[in-house]
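Coordinate analysis (summary)
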Amino acid sequence: QVQVVESGGGLVQAGGSLRLSCQASGSIFSLNTMGWYRQAPGKERELVAFITSGGLTNYADSVKGRSTISRDNAKNTVYLQMDSLKPEDTAVYYCNAYIRTHGGANIDTYWGQGTQVTVSA
């Protein structure tokens, strides 16, 4: 069994910063690409950024230059540092991880429960 748990959301003023964390735990054989998605009210879930096991990164245009994704493989943790936050960054942020479990034949995707980020004007 695998758990993916996010933390670090909250309320911040425009121009401020937040650092989100996401840790995967459980019967993990290999932890592959990890990423962050977000979903604002009335909108579809969208990719924010992802990072491969080798450290390659990709960002949505909307956050490029303002956000940095990183990971600590020893801790099975991915981080999202968000700076210069804007009201339009307000959303529930979800962590996603591609994991192969011990004894598992496939790589499956796991989601966290989400953490709310609210940016006030």
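Our subject is the structure that appears above.
Residues numbered from 1 in each chain as written. Predicted model: local features only at pLDDT ≥ 70, side-chain atom pairs only at ≥ 80, totals over all residues. Heavy atoms only, no water.

What follows deals with the sheet that holds strand β7 (residues 67-72). If you trace the four strands from one edge of the open sheet to the other, you get β1-β3-β8-β7, paired in antiparallel fashion. The open sheet is flanked by β1 (2-7) and β7, the only strands paired with a single partner. Averaged over neighbouring strand pairs, the angle between their axes works out to 15 degrees when direction is ignored. Sheet topology note: the strand β3 (residues 18-26)/strand β8 (residues 77-82) ladder contains six bridges and is antiparallel. Residue pairing in the sheet places Ser21 in a bridge with Tyr79 of β8. (Pairing = 2+ DSSP bridges. Helix = DSSP H or I, 4+ residues; strand = E, 2+ residues; numbered from the N terminus. Axes fitted to C-alpha atoms, helices over the stretch in contact; angles between N-to-C directions.)

So, on to the packing of aromatic side chains. The geometry of an aromatic ring pair is captured by the separation of the ring centres together with the interplanar angle, meaning the angle of the planes. All chains considered together, the criterion is met by one aromatic pair. Relative to Trp111, the ring of Tyr37 lies with its centre 5.0 Å away and its plane at 65 degrees, an arrangement referred to as edge-to-face. With Tyr37 in strand β4 (residues 28-39) and Trp111 in strand β10 (residues 108-111), this residue pair connects regions lying 74 residues apart in the sequence. Residue Tyr37 is classed as partly exposed on the basis of its relative accessible area, which comes to 22%. The exposure class of Trp111 is partly exposed, given its relative accessible area of 38%. The lysine or arginine in question, Arg45, covers the ring of Trp111, its NZ or CZ lying 4.7 Å from the ring centre. (Phe/Tyr/Trp six-rings, centres within 6.5 Å; stacked < 30°, edge-to-face > 60°. Buried < 20%, exposed > 50% of the residue type's maximum accessible area, 1.4 Å probe, protein only. Lys NZ or Arg CZ within 6 Å of the ring centre and 35° of its normal.)

Here we come to the environment of Ser17. Along the chain, the position of Ser17 falls in the loop between β2 (10-13) and β3. For the pair formed by Ser17 and Val2, sequence separation is 15 residues and the distance between their alpha carbons is 30 Å. In terms of polar contacts, Ser17 uses its side chain to reach the side chain of Asp83, at 2.7 Å. (Polar contact = N/O pair within 3.5 Å; in protein donor to acceptor, adjacent residues only side chain to side chain.)

As a further point, take the environment of Gln116. Among the structural elements, Gln116 can be located in strand β11 (residues 115-120). Taking the C-alpha atoms as reference points, Gln116 and Leu11, 105 residues apart in sequence, are found 8.3 Å from one another. Apart from the residues within four sequence positions on either side, Gln116 is in contact with Gly9, Gly10, Thr90, Ala91 and Val92. A polar side-chain atom of Gln116 sits 3.3 Å from a polar atom in the side chain of Thr118. (Contact = heavy atoms within 4.5 Å.)

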